[in-house]
Amino acid sequence: MSLDPGLDAGRTDVHRLAAAARSILACPADVHLVVDGVDDVTAGLEDAHLEMQDHGGRPVFACPADAALAIAATDGRGALLTLHSGLGRPGSPDRDATLTLSGRLEATGLEDCECCTEVRMRVLLRPDFALLSREGHGREDARIRVPLTAFTSPVHD
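Residues numbered from 1 in each chain as written. Predicted model: local features only at pLDDT ≥ 70, side-chain atom pairs only at ≥ 80, totals over all residues. Heavy atoms only, no water.

Quick look at the packing of aromatic side chains
Now for step 1: Enumeration according to the criterion identifies zero aromatic pairs in this entry.
Now for step 2: Arg22 extends its terminal NZ or CZ atom over the ring of Phe151, reaching a point 6.0 Å from the ring centre. (Phe/Tyr/Trp six-rings, centres within 6.5 Å; stacked < 30°, edge-to-face > 60°. Lys NZ or Arg CZ within 6 Å of the ring centre and 35° of its normal.)

A word on the confidence of the model for the chain
Now for step 1: The predicted model of the chain averages 86 in pLDDT, with 87% of residues at 70 or higher.
Now for step 2: Here residues 1-9 is modelled with pLDDT under 50, and outside its nearest four sequence neighbours on either side it reaches 29 contacts, counting other chains as well. (pLDDT = per-residue confidence, 0-100. Contact = heavy atoms within 4.5 Å.)

So, the pattern of salt bridges
Now for step 1: Summed over the entire model, instances satisfying the criterion amount to six salt bridges.
Now for step 2: Among the ionic pairs, Arg22 bridges to Asp54, the shortest N-O distance being 3.0 Å. Linking Arg22 in helix α1 (residues 14-26) with Asp54 in strand β2 (residues 51-55), this pair joins segments that are 32 residues apart in sequence.
Now for step 3: Take Arg22: its relative accessible area is 3%, and that puts it in the buried class.
Now for step 4: Its relative accessible area of 25% is what places Asp54 among the partly exposed residues.
Now for step 5: The residue Asp75 makes a salt bridge to Arg77 at a minimum N-O spacing of 3.6 Å.
Now for step 6: Judged by its relative accessible area of 29%, Arg77 falls in the partly exposed class.
Now for step 7: Salt bridges here are not isolated pairs; linked through shared partners, they connect Arg22, Asp54 and Asp157. (Salt bridge = Lys/Arg side-chain N within 4 Å of Asp/Glu carboxyl O. Helix = DSSP H or I, 4+ residues; strand = E, 2+ residues; numbered from the N terminus. Buried < 20%, exposed > 50% of the residue type's maximum accessible area, 1.4 Å probe, protein only.)

Points about α1
An α-helix turns once every 3.6 residues. As a result, residues three or four positions apart point the same way.
Now for step 1: Look at α1: 18 Å from first C-alpha to last across 13 residues, which is about the 18 Å you get at 1.5 Å a residue.
Now for step 2: Among the residues of α1, Leu17, Ala18, Ala19, Ala20, Ala21, Arg22, Ser23, Ile24 and Leu25 are the ones counted as buried.
Now for step 3: Where α1 begins, one side-chain oxygen reaches toward the backbone nitrogen of His15, 3.2 Å away; that side chain belongs to Asp13. (Expected span 1.5 Å × (residues − 1). Polar contact = N/O pair within 3.5 Å; in protein donor to acceptor, adjacent residues only side chain to side chain.)

Here's what the structure looks like:
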């Protein structure tokens, strides 16, 4: 999915905007998660590794059940997730896009890890806000809010 139509709110097709945002969620180059009241959500995780998947426009993380992120999810804390595009080749204009999601964390259950005996918590970020942005490259930086109904639409699964 190319991100090139520009992010002009007056002429951007909502469906195409949502598709571009979901593509970034599915294929990020870089992910940053900040959680209210937690200094380091990767504390105690091996190599600061945290698994993430797109489930219908809702990011789902898997982490040890006793990790800071799992505890924050059981508390229903707020979180901000920033994903830099991994679409296209390095250096391509598609890599200039960033998706930012804010919302609340929810603990959605436990699962046994297939590769070890560890029990992992599934943590859902239920978005209440989605923002797609692009860096300038000779024009003003563009930021546009993505309607959540379009972003979470099954059309983009």
